[in-house]
Amino acid sequence: MNHNIKFHKVMPLSKVITVLFSFPIVSTLISLLLLNRSILTNLGFDFFNAFWTIIIGWYLLQIFLVSRLLHSHDWTWKEIGYNLSKKETIYLIGGYLLFAIGLLISIEWVIANSTIDAEKLKALSSLTPKTTTSRIIFIIMGLVAGLAEEIVYRGFAIKTLQSNKVNKWVAVLVATIPFIFQHGLKSIDQFWWFAITGIAFGVLFMKRESLTWNIIIHWVVILSAMLAILGVLE
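Computed from a prediction, not measured in an experiment: that's the story for all the values here. (Residues numbered from 1 in each chain as written. Predicted model: local features only at pLDDT ≥ 70, side-chain atom pairs only at ≥ 80, totals over all residues. Heavy atoms only, no water.)

Draft legend 1. Here's a closer look at the overall build of the chain. In terms of regular secondary structure, the chain is built from 9 helices and 0 strands. Counting from the amino terminus, the chain carries its helices and strands in the arrangement α-α-α-α-α-α-α-α-α. Taken over the C-alpha trace, the chain has a radius of gyration of 19 Å; the compact-globule value for 234 residues is 17 Å, and the two agree within 12%. Reported as C-alpha extents along the three principal axes, the dimensions of the chain are approximately 60 × 35 × 30 Å. Here the chain holds 234 residues, and the buried ones make up 45% of them. Sequence-distant contacts in the chain: of pairs separated by 6 or more residues, those separated by 24 or more amount to 81%. Here the chain displays about 12300 Å² of accessible surface, and carbon together with sulfur accounts for 69% of that area. Computed over 19 positive and 12 negative side-chain charges, the inter-centroid distance for the chain is 11 Å. (Helix = DSSP H or I, 4+ residues; strand = E, 2+ residues; numbered from the N terminus. Rg over C-alpha atoms; globule rule 2.2 N^0.38 Å. Buried < 20%, exposed > 50% of the residue type's maximum accessible area, 1.4 Å probe, protein only. Contact = heavy atoms within 4.5 Å. Areas by Shrake-Rupley, 256 points an atom, 1.4 Å probe, with all protein chains shown as cover. Lys, Arg positive; Asp, Glu negative; His and termini not counted. Charge placed at Lys NZ, Arg CZ, Asp CG, Glu CD.)

Draft legend 2. Layout of the nonpolar core. Of all hydrophobic cores here, the largest spans 67 residues; its most connected members are F51, W52, M141 and M226. Looking at this core, the elements with two or more residues in it are α1 (13-31), α3 (47-72), α4 (86-112), α6 (132-163), α7 (168-182), α8 (188-208) and α9 (212-223). In terms of residue count, α6 provides more of this core than any other element does, 16 residues in total. Those residues in contact with M226 that sit more than four places away from it in its chain are L103, L104, I107, P129, R135, F138 and I139. (Core = buried A, V, L, I, M, F, W, Y, C linked by side-chain atoms within 4.5 Å.)

Draft legend 3. Structural detail: the pattern of salt bridges. Under the counting rule described, the total for this entry stands at 4 salt bridges. A salt bridge links E108 to R135, with the shortest nitrogen-to-oxygen separation between them at 2.7 Å. Here E108 is found in helix α4, whereas its partner R135 is found in helix α6, with 27 residues between them in sequence. The class for R135 is buried, based on a relative accessible area of 2%. Note that K159 is salt-bridged to E209, the shortest N-O span being 2.7 Å. With K159 in helix α6 and E209 in the loop between α8 and α9, this pair connects stretches of sequence that are 50 residues apart. Of the two residues, K159 and E209, both sit in the buried class. (Salt bridge = Lys/Arg side-chain N within 4 Å of Asp/Glu carboxyl O.)

Draft legend 4. Highlighting the environment of R208. If you trace the backbone, R208 turns up in helix α8. Looking at R208, the relative accessible area reads 34%, which means it is partly exposed. With 127 residues separating them along the chain, R208 and G81 place their C-alpha atoms 8.9 Å apart.

What follows is the structure, given as structure tokens:
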């Protein structure tokens, strides 16, 4: 762990604000598809499979844009807390996929040997992956979401704010705000959930000076949503 990163380089504050303002706006616009699902279904797509696929593309684009921004200002991945080599990154992603596939197989086996309560299934959150195909796409979405959100709203946001002489704990709070709106809000409960988790992830990042555990825990939180389907079984 590197606890002594010196900010000899400053990320232009205008660029930091642009990322923290524009990324959540795009995410919110994408979330509006939930209010007009016919845009996708009229094209013959399963709504949620298409929706998650769009989300995957957007998360990948976020990682790409941040990487280009870092490169253009001579910042390294280590300076925003991503300390893993390419080989270690492959191991990390491989570990996620092994765990996620094992979870998927377990869920599919339980479902195949149980009866689904149709009423409970109807009442289940619309964003819960309800089919095998949806669960596979959800696993891919979880992979890129955990990476992108930690890179953007913890590593990039906090460290570049610090480079502009923002106090580290103030930086954690500031970075949490766009993280909240990244998810598109539907209720006050969601607001507090993402506020608390955003601050918790920010504190963890500042304590560890590394994104690795943030990413792993973030993945576990996302994948836990797949277990909701087990609540509709008889």
